[in-house]
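# A closer look at the structure
Here is how the chains run, residue by residue.
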Amino acid sequence: VHGTVNDLAMCGAEPLYLSAGLVIEEGFPMSDLERVVAGMAEACRNVGVSVVTGDTKVVDRGKGDGIYVNTSGVGRVREGVSVGPARATAGDAVLVSGPVGDHGIAVMAAREGIDLETELVSDSAPVVAPVGALLEAVPDAHVLRDPTRGGLATALAEVAVASQVGTRLEEAHIPVRDEVRGACELLGLDPLYVACEGRFLAVVPGERAEEALAAVRSEPGGEGTRLIGRVSAEDPGRLVLRTRIGSHRLLERLSGEQLPRIC
(Lines give C-alpha, C1' and ligand atoms only; values in the text may rest on other atoms or scores of the structure.)
Protein backbone atom coordinates (compact mmCIF):
# COMPACT_ATOMS: atom_id res chain seq x y z
CA VAL A 1 0.00 0.00 0.00
CA HIS A 2 2.74 2.44 0.94
CA GLY A 3 4.70 1.64 -2.22
CA THR A 4 1.75 2.26 -4.52
CA VAL A 5 0.43 5.44 -2.92
CA ASN A 6 3.99 6.79 -2.85
CA ASP A 7 4.41 6.02 -6.57
CA LEU A 8 1.26 8.06 -7.23
CA ALA A 9 2.51 10.89 -5.01
CA MET A 10 5.75 10.99 -7.03
CA CYS A 11 3.61 11.78 -10.10
CA GLY A 12 2.08 14.73 -8.26
CA ALA A 13 -1.17 12.79 -7.80
CA GLU A 14 -3.56 12.33 -4.89
CA PRO A 15 -4.11 8.56 -4.45
CA LEU A 16 -7.75 7.46 -4.74
CA TYR A 17 -8.20 3.74 -5.40
CA LEU A 18 -6.09 0.57 -5.26
CA SER A 19 -6.31 -2.96 -6.61
CA ALA A 20 -4.75 -5.90 -4.77
CA GLY A 21 -3.83 -9.30 -6.16
CA LEU A 22 -2.73 -12.05 -3.76
CA VAL A 23 -0.76 -15.15 -4.79
CA ILE A 24 -0.85 -17.53 -1.82
CA GLU A 25 1.02 -20.79 -1.36
CA GLU A 26 -0.99 -23.85 -0.33
CA GLY A 27 -0.69 -24.27 3.44
CA PHE A 28 -0.02 -20.59 4.19
CA PRO A 29 -1.42 -20.00 7.72
CA MET A 30 -4.76 -18.18 7.83
CA SER A 31 -3.56 -16.21 10.86
CA ASP A 32 -0.68 -14.78 8.81
CA LEU A 33 -3.02 -13.96 5.91
CA GLU A 34 -5.36 -12.14 8.31
CA ARG A 35 -2.41 -10.17 9.69
CA VAL A 36 -1.29 -9.16 6.18
CA VAL A 37 -4.79 -8.05 5.15
CA ALA A 38 -5.35 -6.19 8.42
CA GLY A 39 -2.07 -4.33 7.91
CA MET A 40 -3.09 -3.39 4.37
CA ALA A 41 -6.49 -2.17 5.60
CA GLU A 42 -4.91 -0.01 8.31
CA ALA A 43 -2.47 1.50 5.80
CA CYS A 44 -5.36 2.31 3.45
CA ARG A 45 -7.38 3.95 6.24
CA ASN A 46 -4.40 6.08 7.25
CA VAL A 47 -3.97 7.40 3.71
CA GLY A 48 -7.67 7.64 2.85
CA VAL A 49 -7.70 5.26 -0.12
CA SER A 50 -9.88 2.24 -0.89
CA VAL A 51 -9.09 -1.17 -2.32
CA VAL A 52 -11.83 -1.45 -4.93
CA THR A 53 -10.88 -4.60 -6.85
CA GLY A 54 -8.55 -7.55 -6.67
CA ASP A 55 -8.02 -11.27 -7.09
CA THR A 56 -6.68 -14.27 -5.19
CA LYS A 57 -4.79 -17.26 -6.56
CA VAL A 58 -3.50 -20.31 -4.67
CA VAL A 59 -0.42 -22.16 -5.95
CA ASP A 60 0.98 -25.57 -5.04
CA ARG A 61 2.86 -26.05 -1.80
CA GLY A 62 6.53 -25.15 -2.25
CA LYS A 63 5.84 -23.02 -5.35
CA GLY A 64 4.86 -19.68 -3.88
CA ASP A 65 7.34 -18.75 -1.13
CA GLY A 66 4.47 -17.99 1.23
CA ILE A 67 2.61 -15.02 -0.22
CA TYR A 68 3.02 -12.37 -2.88
CA VAL A 69 0.92 -9.20 -2.87
CA ASN A 70 0.64 -7.09 -6.02
CA THR A 71 -0.99 -3.66 -5.86
CA SER A 72 -1.78 -0.99 -8.42
CA GLY A 73 -3.35 2.41 -7.96
CA VAL A 74 -5.23 5.29 -9.54
CA GLY A 75 -4.90 8.93 -8.51
CA ARG A 76 -5.76 12.45 -9.60
CA VAL A 77 -2.89 14.76 -10.56
CA ARG A 78 -3.11 18.09 -8.81
CA GLU A 79 -4.04 21.01 -11.04
CA GLY A 80 -1.05 23.08 -12.13
CA VAL A 81 1.50 20.45 -11.08
CA SER A 82 3.95 19.06 -13.63
CA VAL A 83 6.81 16.97 -12.29
CA GLY A 84 9.18 14.64 -14.08
CA PRO A 85 12.82 13.47 -14.09
CA ALA A 86 13.67 15.64 -17.13
CA ARG A 87 12.55 18.91 -15.50
CA ALA A 88 15.53 19.63 -13.20
CA THR A 89 17.10 23.01 -14.01
CA ALA A 90 20.37 24.71 -13.10
CA GLY A 91 19.92 26.58 -9.83
CA ASP A 92 17.45 24.08 -8.36
CA ALA A 93 17.76 22.75 -4.81
CA VAL A 94 17.68 19.04 -3.92
CA LEU A 95 15.81 17.90 -0.80
CA VAL A 96 15.43 14.52 0.93
CA SER A 97 12.60 13.97 3.39
CA GLY A 98 14.57 12.06 6.04
CA PRO A 99 17.34 9.56 6.84
CA VAL A 100 18.08 7.09 4.06
CA GLY A 101 18.80 3.35 4.02
CA ASP A 102 16.62 2.27 6.97
CA HIS A 103 14.27 0.01 4.98
CA GLY A 104 16.83 -1.96 3.02
CA ILE A 105 19.05 -2.66 6.00
CA ALA A 106 16.10 -3.63 8.23
CA VAL A 107 14.81 -6.06 5.59
CA MET A 108 18.24 -7.59 5.03
CA ALA A 109 18.81 -8.10 8.75
CA ALA A 110 15.36 -9.70 9.22
CA ARG A 111 15.63 -11.99 6.19
CA GLU A 112 19.14 -13.20 6.91
CA GLY A 113 18.74 -13.42 10.68
CA ILE A 114 21.58 -10.95 11.21
CA ASP A 115 21.85 -9.72 14.80
CA LEU A 116 23.42 -6.28 14.53
CA GLU A 117 22.91 -5.54 18.23
CA THR A 118 20.96 -2.42 17.40
CA GLU A 119 17.37 -1.50 16.62
CA LEU A 120 16.87 -1.29 12.87
CA VAL A 121 13.33 -0.38 11.83
CA SER A 122 11.99 -0.01 8.29
CA ASP A 123 11.07 3.51 7.23
CA SER A 124 8.02 2.20 5.33
CA ALA A 125 5.39 4.95 5.45
CA PRO A 126 3.15 6.97 3.14
CA VAL A 127 4.62 10.25 1.90
CA VAL A 128 1.29 11.56 0.63
CA ALA A 129 0.82 14.25 3.30
CA PRO A 130 4.32 15.82 3.15
CA VAL A 131 4.27 15.74 -0.66
CA GLY A 132 0.84 17.38 -0.63
CA ALA A 133 2.15 20.12 1.66
CA LEU A 134 5.15 20.64 -0.61
CA LEU A 135 2.99 20.98 -3.73
CA GLU A 136 0.61 23.37 -1.96
CA ALA A 137 3.52 25.63 -1.05
CA VAL A 138 5.63 25.11 -4.18
CA PRO A 139 3.37 23.91 -7.02
CA ASP A 140 6.18 24.59 -9.49
CA ALA A 141 8.37 21.84 -7.98
CA HIS A 142 10.29 20.22 -10.83
CA VAL A 143 11.04 16.63 -9.76
CA LEU A 144 9.71 14.12 -7.22
CA ARG A 145 11.35 10.71 -6.84
CA ASP A 146 11.21 7.91 -4.29
CA PRO A 147 14.62 6.36 -3.57
CA THR A 148 13.46 2.74 -3.66
CA ARG A 149 15.40 0.49 -6.05
CA GLY A 150 19.00 1.64 -6.03
CA GLY A 151 18.50 4.18 -3.26
CA LEU A 152 19.16 7.91 -3.26
CA ALA A 153 22.21 7.76 -5.53
CA THR A 154 20.50 5.85 -8.34
CA ALA A 155 17.38 8.05 -8.22
CA LEU A 156 19.35 11.29 -8.49
CA ALA A 157 21.77 9.88 -11.09
CA GLU A 158 18.74 9.07 -13.26
CA VAL A 159 17.45 12.63 -12.85
CA ALA A 160 20.84 14.07 -13.84
CA VAL A 161 20.88 11.96 -17.00
CA ALA A 162 17.24 12.66 -17.91
CA SER A 163 17.58 16.44 -17.38
CA GLN A 164 21.17 16.67 -18.67
CA VAL A 165 22.21 18.78 -15.72
CA GLY A 166 24.96 18.43 -13.15
CA THR A 167 24.00 17.70 -9.56
CA ARG A 168 26.30 18.32 -6.58
CA LEU A 169 25.51 16.66 -3.26
CA GLU A 170 27.06 17.37 0.13
CA GLU A 171 27.74 14.12 2.00
CA ALA A 172 27.73 15.97 5.33
CA HIS A 173 24.13 17.08 4.69
CA ILE A 174 22.70 13.66 3.76
CA PRO A 175 20.98 12.17 6.82
CA VAL A 176 21.99 8.56 7.59
CA ARG A 177 21.32 7.02 11.00
CA ASP A 178 24.41 5.81 12.87
CA GLU A 179 22.87 2.32 13.10
CA VAL A 180 22.42 2.16 9.33
CA ARG A 181 25.88 3.55 8.63
CA GLY A 182 27.44 1.00 10.99
CA ALA A 183 25.48 -1.90 9.48
CA CYS A 184 26.46 -0.84 5.96
CA GLU A 185 30.13 -0.70 6.94
CA LEU A 186 29.85 -4.18 8.44
CA LEU A 187 28.10 -5.60 5.35
CA GLY A 188 30.16 -3.73 2.75
CA LEU A 189 27.22 -1.66 1.48
CA ASP A 190 26.91 2.04 0.61
CA PRO A 191 23.88 3.59 2.38
CA LEU A 192 23.35 5.92 -0.60
CA TYR A 193 22.42 2.87 -2.68
CA VAL A 194 20.21 1.15 -0.07
CA ALA A 195 16.45 1.27 -0.64
CA CYS A 196 14.01 3.47 1.28
CA GLU A 197 10.23 2.95 1.42
CA GLY A 198 9.06 6.05 3.26
CA ARG A 199 11.27 8.83 1.91
CA PHE A 200 11.17 11.05 -1.15
CA LEU A 201 13.46 13.36 -3.06
CA ALA A 202 12.35 16.73 -4.38
CA VAL A 203 14.05 19.09 -6.81
CA VAL A 204 12.60 22.59 -6.45
CA PRO A 205 13.50 26.07 -7.71
CA GLY A 206 16.48 27.23 -5.65
CA GLU A 207 14.83 30.46 -4.55
CA ARG A 208 11.93 28.48 -3.05
CA ALA A 209 13.99 25.94 -1.13
CA GLU A 210 13.19 27.40 2.29
CA GLU A 211 9.46 27.42 1.55
CA ALA A 212 9.68 23.80 0.45
CA LEU A 213 11.61 22.78 3.57
CA ALA A 214 9.14 24.48 5.88
CA ALA A 215 6.15 22.91 4.12
CA VAL A 216 7.47 19.34 4.23
CA ARG A 217 8.69 19.67 7.82
CA SER A 218 5.20 20.77 8.89
CA GLU A 219 3.77 17.30 8.20
CA PRO A 220 4.33 14.06 10.13
CA GLY A 221 7.06 12.09 8.40
CA GLY A 222 8.72 15.17 7.00
CA GLU A 223 10.36 16.55 10.13
CA GLY A 224 13.79 15.29 9.09
CA THR A 225 13.84 16.93 5.67
CA ARG A 226 17.22 18.30 4.64
CA LEU A 227 18.64 20.31 1.75
CA ILE A 228 21.39 18.04 0.42
CA GLY A 229 22.57 19.58 -2.85
CA ARG A 230 22.19 21.86 -5.83
CA VAL A 231 21.71 21.51 -9.57
CA SER A 232 24.13 23.27 -11.92
CA ALA A 233 24.85 23.60 -15.62
CA GLU A 234 28.32 22.11 -15.12
CA ASP A 235 29.01 18.40 -15.74
CA PRO A 236 25.68 17.68 -17.47
CA GLY A 237 24.37 14.20 -16.80
CA ARG A 238 26.60 13.65 -13.77
CA LEU A 239 25.92 13.29 -10.06
CA VAL A 240 28.89 14.30 -7.90
CA LEU A 241 29.23 13.87 -4.14
CA ARG A 242 31.45 16.19 -2.11
CA THR A 243 32.69 13.96 0.70
CA ARG A 244 33.15 14.89 4.32
CA ILE A 245 36.90 15.32 3.76
CA GLY A 246 36.40 17.64 0.77
CA SER A 247 37.15 15.23 -2.07
CA HIS A 248 34.73 14.54 -4.91
CA ARG A 249 33.19 11.22 -5.92
CA LEU A 250 31.14 10.41 -9.02
CA LEU A 251 27.89 8.57 -8.20
CA GLU A 252 26.43 6.42 -10.94
CA ARG A 253 23.32 4.30 -11.23
CA LEU A 254 23.38 0.99 -9.40
CA SER A 255 24.89 -1.75 -11.52
CA GLY A 256 24.02 -5.38 -10.93
CA GLU A 257 21.63 -6.82 -8.37
CA GLN A 258 20.14 -4.68 -5.65
CA LEU A 259 20.73 -6.14 -2.21
CA PRO A 260 18.45 -6.97 -0.61
CA ARG A 261 15.97 -7.60 -3.44
CA ILE A 262 12.71 -6.13 -2.15
CA CYS A 263 10.25 -5.57 -4.99
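Residues numbered from 1 in each chain as written. Predicted model: local features only at pLDDT ≥ 70, side-chain atom pairs only at ≥ 80, totals over all residues. Heavy atoms only, no water.

## What to know about the layout of surface pockets
The volume enclosed by the second largest pocket comes to roughly 180 Å³. Taken together, 15 residues make up the lining of the second largest pocket; nearest its centre are A125, P126, V127, P130 and P220. Put simply, the parts of the chain that give the lining of the second largest pocket at least two residues each are α2 (30–47) and α4 (128–137). Ranked by residues supplied to the lining of the second largest pocket, first place goes to α4 with 3 residues. When the residues that make up the lining of the second largest pocket are grouped by side-chain class, the tally is 9 nonpolar, 4 polar and 2 charged. (1 Å grid on protein atoms, 1.4 Å probe; cavity = no way out; pocket = protein on both sides within 12 Å on 5 of 7 lines; lining within 4 Å. Points joined across faces, edges and corners; volume = space filled by probe spheres on them. Helix = DSSP H or I, 4+ residues; strand = E, 2+ residues; numbered from the N terminus. Nonpolar A, V, L, I, M, F, W, Y, C, P; charged D, E, K, R; others polar.)

## Examining the pairing of strand β7 (residues 201–204)
For a regular strand, side-chain orientation follows a simple rule: the groups alternate between the two sheet faces. Burial along β7 is two-sided: the residues L201 and V203 and A202 and V204 are all buried. Here strand β4 (residues 93–96) runs beside β7; their pairing, made up of 4 bridges, is antiparallel. For A93, the partnering residue across the bridge sits in β7 and is V204. Pairing analysis gives 3 bridges linking strand β5 (residues 143–145) to β7, with the strands arranged antiparallel. Within β7, the residue paired with R145 across the bridge is L201. (Buried < 20%, exposed > 50% of the residue type's maximum accessible area, 1.4 Å probe, protein only. Pairing = 2+ DSSP bridges.)

## Section: a nonpolar patch on the surface
Taken together, the side chains of Y17, V52 and V74 define a hydrophobic patch exposed on the protein surface, amounting to about 290 Å² of accessible area. With respect to the helices and strands, the residue V74 is situated in strand β3 (residues 67–77). (Patch = residues over 30% accessible without salt bridge, like charges linked within 9 Å, V, L, I, M, F, W, Y side chains within 5 Å. Areas by Shrake-Rupley, 256 points an atom, 1.4 Å probe, with all protein chains shown as cover. Salt bridge = Lys/Arg side-chain N within 4 Å of Asp/Glu carboxyl O.)

## Some details on the pattern of salt bridges
Inspection of every chain in the model, using the stated rule, returns 10 salt bridges. Residue R35 is joined to D32 by a salt bridge in which the shortest nitrogen-to-oxygen separation is 3.9 Å. With a gap of 3 residues between them, R35 and D32 both fall in helix α2, about one helical turn apart. Across the pair D102 and R199 runs a salt bridge, and its minimum N-O distance is 3.9 Å. Of the two residues, D102 is situated in helix α3 (residues 102–112) and R199 in the loop between α6 (178–187) and β7; the sequence distance between them amounts to 97 residues. On the basis of relative accessibility, which here comes to 4%, the residue D102 falls in the buried class. Linked through salt bridges whose partners overlap, the residues forming this network are D102, R177 and R199.

## Remarks on the environment of H103
The residue H103 is located in helix α3 in this model. Note: C-alpha distance between H103 and G198 (95 residues apart in sequence) is 8.2 Å.

## Remarks on the sheet that holds strand β1 (residues 13–25)
If you walk across this open sheet you meet the 3 strands as β2-β1-β3, and the pairing is mixed. Here the strands that pair on one side only, and so sit at the sheet edges, are β2 (50–59) and β3. With strand direction ignored, the average angle separating the axes of adjacent strands in the sheet is 15 degrees. Pairing geometry for β1 and β2, over 9 bridges, is parallel. Counted as the bridge partner of A20 is G54 from β2. Across the sheet, α2 is in contact with β1, β2 and β3; its angle to β1 comes to roughly 175 degrees. (Axes fitted to C-alpha atoms, helices over the stretch in contact; angles between N-to-C directions. Contact = heavy atoms within 4.5 Å.)

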